[in-house]
Amino acid sequence: QVQLVESGGGLVQAGGSLGLSCRASGNTRALYFMAWARQAPGKQRELVATISDSHFATYADSVKGRFTISRDNDKNMVTLNMDSLRPEDTAVYYCAAGRLGINLGQFDYWGQGTQVTVSS
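Since we're looking at a predicted model, the values are computed, not measured.

Draft legend 1. Representation of the nonpolar core within the structure. In this structure, M34, W36, L80, M82 and Y93 are the most contacted members of the largest nonpolar core, which totals 28 residues. Residue assignment for this core shows that the elements contributing at least two residues are β1 (2-7), β3 (18-26), β4 (33-39), β5 (46-52), β7 (67-72), β8 (77-82), β9 (91-98) and β11 (114-119). Discounting chain neighbours no more than four positions away, the residues touching M82 are G16, S17, L18, L20, R66, F67, Y93 and V116.

Draft legend 2. Inspection of the packing of aromatic side chains at higher detail. Scanning the entire structure with this criterion turns up one aromatic pair. Between F107 and W110, the aromatic rings sit 6.3 Å apart at their centres with planes inclined by 70 degrees, giving edge-to-face as the arrangement. With a relative accessible area of 5%, F107 lands in the buried category. Lying across the ring of Y94, R45 places its NZ or CZ 3.8 Å from the centre.

Draft legend 3. Broad picture of the pattern of salt bridges. Using the criterion set out here, one finds four salt bridges in the structure. Between D89 and R38 there is a salt bridge, with the nearest N and O atoms lying 2.9 Å from each other. Of this pair, D89 sits in the loop between β8 and β9 while R38 sits in strand β4, and the two are 51 residues apart along the sequence. Among the residues examined, D89 registers a relative accessible area of 1% and is labelled buried. R38 gets classed as buried once you look at its relative accessible area, which sits at 6%. Taking the shortest distance from any N to any O, the salt bridge between K64 and D61 comes out at 3.1 Å. A single salt-bridge network, built from bridges that share partners, covers R38, E46, R66 and D89.

Calculation notes
Residues numbered from 1 in each chain as written. Predicted model: local features only at pLDDT ≥ 70, side-chain atom pairs only at ≥ 80, totals over all residues. Heavy atoms only, no water. Core = buried A, V, L, I, M, F, W, Y, C linked by side-chain atoms within 4.5 Å. Buried < 20%, exposed > 50% of the residue type's maximum accessible area, 1.4 Å probe, protein only. Helix = DSSP H or I, 4+ residues; strand = E, 2+ residues; numbered from the N terminus. Contact = heavy atoms within 4.5 Å. Phe/Tyr/Trp six-rings, centres within 6.5 Å; stacked < 30°, edge-to-face > 60°. Lys NZ or Arg CZ within 6 Å of the ring centre and 35° of its normal. Salt bridge = Lys/Arg side-chain N within 4 Å of Asp/Glu carboxyl O.

Given below as structure tokens:
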């Protein structure tokens, strides 16, 4: 019983920045991995960034150097700071969590998603 709620989505101009937040509630003790994924219309959902409870982070090649994932274990919160946004970053962004976190299928819990739209 874990609930994830994202916030911070919106409209931003290309080159701009946006920060997303996700708060987890419920039985959060074993959420060793948290992540952000995104899905654009007509495309498959893809992992954007992951972070372990020890703060080891991974990123998709498309966002390396532009996005930063972080987490606050005490607050059960994970953030995604997005810089130098591009129109191709437009998607619904989802927060995910689980005991394993290498690929999409290993995340047990998902948020409802928040829309990020980058205008050109």
